[in-house]
Structure formats: structure tokens, C-alpha cells
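Architecture at a glance
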Amino acid sequence: MTLPFRILAMLVIVPATYFFIYWFTISLIPSMEPTWVLNLIASLCTGGVGLYSWKRLGSIPEGPVSSIFLGAIVLGSIGFCAGFFGPMIVAPEANQGPLLGIFITGPLGFMLGGIGGFAYWLSKKKKNEHKK
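In short, a report on the structure. As the structure is a computational prediction, the values presented were derived from the model and not from experiment.

Topic: the overall build of the protein
- Each helix and strand in the protein was counted, giving four helices and zero strands.
- Along the chain direction, N to C, the helices and strands of the protein fall in the order α-α-α-α.
- Taking 2.2 N^0.38 as the reference for a compact globule, 132 residues should give roughly 14 Å; the C-alpha atoms of the protein span a radius of gyration of 18 Å, well beyond that estimate.
- Along the three orthogonal principal directions, the C-alpha set of the protein runs to about 65 × 35 × 20 Å.
- Counting the 132 residues in the protein, one finds 26% classified as buried.
- The contacts of the protein with a sequence gap of at least 6 include a subset with a gap of at least 24, amounting to 69%.

Printed below as a string of C-alpha cells:
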């Protein structure tokens, strides 16, 4: 996988992991007062997931299935985050705003990312055929 795609994937994976672990531990242990402990737990888990993901993304085979799946996951995650958190930022009083990410931008990003991943694989395949 190329470096820009690895960086883009890490920009989605790392913050999502941190916030999920942080809020998950708060929901399970509500009486934990020192927030530095929660930050430490979330940071350690995020560091582990980030390191593992960085290594795994570097060793993904460049086949059509992996390109389609990776494009779908990355663009779907970006679409979901934009549609889910965007309305919360723009119009916090709208209680159905996050449904945009769940039902529209997430699935649409997933489908467009799959198509884009396939197009990327085709272009890379044609480029390799011309080199031979």
C-alpha cells in the first residue's frame, strides 16, 4: 500500500480508536475520577492498534479484492465520520443529524470507495502491463 493511503487510513483509525476506548472505559467505570488514568488507558490501546494497523497496512497484497475492500473501508469511514459528526458540529440541536452518516454518507462512501479501489487496481495493473 502506498504511503498516502496508509496515512489516510491511520488518520481515521487512530482517533476513532482513542475515542472509542476512552468513552467505553468511562461507560464501564463511571466513578473513575482521575481522568489521566482514562487518557493513559486510551493512549496505550490506541498506540497498540495504530502500530499494528501501520504494520498490517504495509503488507497488504495488491490484489483486486484487497484494493476494493481497502478503498471501501477508508472512504466509507471518512463518509460515516463526516455524516455522523458533521451535523453534530453544525447543528447540535438537531437530534436526527447523525443519521445522515449512518444511512447515507457511510454506505455511499463505502460503495464509492469500493469502486475507487477497483479503479485504482485497474490503473495499477495497466501501468504494470505497460512496463513489461
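Thoughts on helix α1 (residues 3–28)
- Given a rise of 1.5 Å per residue, 26 residues ought to cover 38 Å, and the 37 Å separating the end C-alpha atoms of α1 matches this to within 8%.
- Residues Arg 6, Ala 9, Met 10, Val 12, Thr 17, Ile 21, Tyr 22 and Thr 25 constitute the buried set of α1.
- The secondary structure elements touched by the buried residues of α1 are α2 (35–58) and α3 (64–90).

Side note on helix α4 (residues 99–131)
- In this model, α4 (33 residues) spans 47 Å end to end at C-alpha, consistent with the 48 Å of a helix rising 1.5 Å per residue.
- Approximately 35 degrees is the largest bend angle found in α4, and it occurs at Thr 105, with the proline Pro 107 only one to four residues beyond.
- On its buried face, α4 sits against α3.

Remarks on the environment of Tyr 18
- Note on placement: Tyr 18 falls in helix α1.
- With a relative accessible area of 21%, Tyr 18 lands in the partly exposed category.
- Considering only alpha carbons, one finds Tyr 18 and Ile 41, 23 residues apart in sequence, at a separation of 9.2 Å.
- Contact partners of Tyr 18, with chain neighbours within four places excluded, come to Asn 39, Ala 42, Ser 43 and Thr 46.

Considerations on the state of the cysteines
- All told, the structure shown has zero disulfides when counted by the stated rule.
- Residue Cys 45 stays outside any disulfide, its sulfur separated by 19 Å from that of Cys 81, the closest cysteine.
- Residue classification places Cys 45 among the partly exposed residues on the basis of a relative accessible area of 35%.

Notes on the packing of α1 against α2
- With their axes 8 Å apart at the nearest point, α1 and α2 run at an angle of 150 degrees to one another. On the basis of the axis angle, α1 is roughly antiparallel to α2. The hand of the α1/α2 crossing is right-handed.

Some thoughts on the packing of α3 against α4
- At a closest axis distance of 6 Å, the pairing of α3 and α4 adopts a crossing angle of 150 degrees. Between α3 and α4, the crossing angle belongs to the class labelled roughly antiparallel. Considering how the two elements wind past one another, α3 and α4 form a crossing that is right-handed.
- Along the lines of polarity and charge, the residues of the contact of α3 with α4 split into 15 nonpolar, twelve polar and no charged.

Rules used throughout
- Residues numbered from 1 in each chain as written.
- Predicted model: local features only at pLDDT ≥ 70, side-chain atom pairs only at ≥ 80, totals over all residues.
- Heavy atoms only, no water.
- Helix = DSSP H or I, 4+ residues; strand = E, 2+ residues; numbered from the N terminus.
- Rg over C-alpha atoms; globule rule 2.2 N^0.38 Å.
- Buried < 20%, exposed > 50% of the residue type's maximum accessible area, 1.4 Å probe, protein only.
- Contact = heavy atoms within 4.5 Å.
- Expected span 1.5 Å × (residues − 1).
- Bend = angle between axes of the 7 residues up to and from the residue.
- Disulfide = S-S within 2.5 Å.
- Axes fitted to C-alpha atoms, helices over the stretch in contact; angles between N-to-C directions.
- Parallel < 35°, antiparallel > 145°, perpendicular 65-115°, else oblique.
- Left-handed = near helix turned anticlockwise from the far one by under 90°.
- Nonpolar A, V, L, I, M, F, W, Y, C, P; charged D, E, K, R; others polar.

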